Every structure is written in C-alpha cells, then in structure tokens.
Amino acid sequence: QEQLVESGGGLVQPGGSLRLSCAASGFTFKYYNVGWFRQAPGKEREGVACISYSGSSTNYADSIKGRFTISRDNANNTAFLQMNSLKPEDTAIYYCAAGGPVNTCPPKEYPYWGQGTQVTVSS
C-alpha cells in the first residue's frame with residue numbers, strides 16, 4: 001500500500017518559517033509527481049505547490065509564490081515544503097499527495113494522500 005506521512009507542522013508566529021516533510025513508502029517514489037495541498041476550515045482544498053517526478057518542474061499557487069519552496073529527495077523518498085514569511089492566512093491542514101499532474105496542481109487528480117499536518121500561524 002502507498003503511504004505518505006507528513007511531519008513538521010506546528011504553531012509559528014507571523015513572519016516565521018516551517019519546513020514540512022513528506023516521507024513516502026510502498027511505491028516507487030521517484031516515478032511520481034508530488035504535491036502539497038492545504039485546507040482551511042470552511043474552504044475547499046487547494047493546491048499549494050506541485051513538483052514533477054525528477055524535480056525539474058514546479059507549480060506554485062499565486063498566494064504563496066515567492067514564499068514557499070517545494071523540493072524532493074528521491075534517494076530518501078521524501079518531499080519537502082519550505083514555508084517562509086508565513087501569514088495567518090496560511091493556517092490550514094497541509095497534505096502531501098502523489099500521482100497527479102504538475103501543471104495545474106489539482107487536488108482531485110491526486111490519488112495518494114497523507115494524513116495531513118496542522119500548520120497554525122498566529123501571534
């Protein structure tokens with residue numbers, strides 16, 4: 001079975017940084033595109049950033065462009081989301097997912113999901 005496990009979430013002050021990790025197992029990670037998605041209470045799940053299987057292509061949501069960076073380490077079956085200059089509006093559950101397209105980064109087209117990790121940005 002395909003497994004994705006997120007870690008690194010927590011409480012951070014506005015302007016602070018967090019680094020989320022996504023550990024994959026049960027499938028050949030290096031052959032799959034990966035995305036980070038988030039869902040805030042009362043809002044639809046949205047794509048934050050997606051990355052191609054090799055890491056050569058990325059796609060970022062306008063709301064986080066210039067602040068977040070997606071990356072991956074295929075040798076260790078891990079993806080990352082570096083989040084800088086965090087804002088209260090970034091508060092959400094963040095999910096790692098695999099197996100969907102990068103150019104549009106749509107959550108409904110990603111079949112494999114982690115359990116999510118809570119990110120709260122508050123003073």
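Here's what I pulled together on the structure shown here. Predicted model, so just to flag it, every value in this text is computed and none were measured. Per chain, the residues get numbers from 1 upward, laid out in the order the sequence is written. Totals for whole chains, interfaces and linings use all residues, but because this is a predicted model, local features are given only for residues with pLDDT of at least 70 and pairs of side-chain atoms are given and counted only at 80 or more. Side-chain metrics rest on all non-hydrogen atoms present in the structure, leaving aside hydrogens and water.

1. Comments concerning the overall build of the protein
Link 1 in the chain: Numbering of helices and strands runs from the N terminus, with a helix taken as a DSSP run of H or I at least four residues long and a strand as a DSSP run of E at least two residues long. Helices and strands together make up the secondary structure of the protein, namely zero helices and 11 strands.
Link 2 in the chain: Listing the helices and strands of the protein from first to last along the sequence gives β-β-β-β-β-β-β-β-β-β-β.
Link 3 in the chain: The quantity called the radius of gyration is restricted to C-alpha atoms. Its globule counterpart is 2.2 Å times the number of residues to the power 0.38. Against the compact-globule benchmark of 14 Å for 123 residues, the protein has a radius of gyration of 13 Å, which places it among compact chains.
Link 4 in the chain: Burial analysis of the protein (123 residues in total) assigns 46% to the buried set. Note on exposure labels: buried denotes an accessible area under 20% of the residue type's maximum, exposed denotes more than 50%, and partly exposed covers the range between, all computed with a 1.4 Å probe on protein chains only.

2. Notes on the environment of alanine 79
Link 1 in the chain: Tracing the sequence through the fold places alanine 79 in strand β8 (residues 78-83).
Link 2 in the chain: Each C-alpha atom of the pair alanine 79 and alanine 92 lies 19 Å from the other, and the pair is 13 residues apart in sequence.
Link 3 in the chain: What makes two residues a contact is simply this: any of their non-hydrogen atoms within 4.5 Å. Setting aside chain neighbours within four positions, we find alanine 79 in contact with Leu20, Ser21, Cys22, Phe29, Val34, Trp36, Ser71 and Arg72.

3. Digging into the pattern of salt bridges
Link 1 in the chain: Each salt bridge in this description consists of a side-chain nitrogen of Lys or Arg and a carboxyl oxygen of Asp or Glu lying within 4 Å of one another. The tally for this structure, following the rule as stated, stands at four salt bridges.
Link 2 in the chain: A salt bridge links aspartate 90 to arginine 38, with the nearest nitrogen and oxygen atoms 2.9 Å apart. Placement of aspartate 90 in the loop between β8 and β9 (92-98) and of arginine 38 in strand β4 (residues 34-39) is noted, with a sequence separation of 52 residues between them. In terms of burial, aspartate 90 and arginine 38 fall into one category: buried.
Link 3 in the chain: Here aspartate 62 makes a salt bridge to lysine 65, at a shortest N to O gap of 3.1 Å. No difference in accessibility class separates aspartate 62 from lysine 65, as the two residues are exposed.

4. Quick notes on the state of the cysteines
Link 1 in the chain: Any two cysteine sulfur atoms within 2.5 Å of one another count as a disulfide. Taken as a whole and judged by the stated rule, the model has two disulfides.
Link 2 in the chain: Between the sulfur atoms of cysteine 22 and its disulfide mate cysteine 96 the distance is 2.0 Å. Across the S-S bond linking cysteine 22 and cysteine 96, the dihedral sits near -75°, which makes this disulfide left-handed. Note that cysteine 22 is positioned in strand β3 (residues 18-25) and cysteine 96 in strand β9, a separation of 74 residues in sequence. Across the pair, cysteine 96 and cysteine 22 agree in class, each one buried.
Link 3 in the chain: In this model cysteine 50 forms its disulfide with cysteine 105; the gap between the sulfur atoms is 2.0 Å. An S-S torsion of about 80° defines the bridge between cysteine 50 and cysteine 105 as right-handed. Of the two residues, cysteine 50 is situated in strand β5 (residues 46-51) and cysteine 105 in the loop between β9 and β10 (112-113); the sequence distance between them amounts to 55 residues. Of the two residues, cysteine 50 and cysteine 105, both sit in the buried class.

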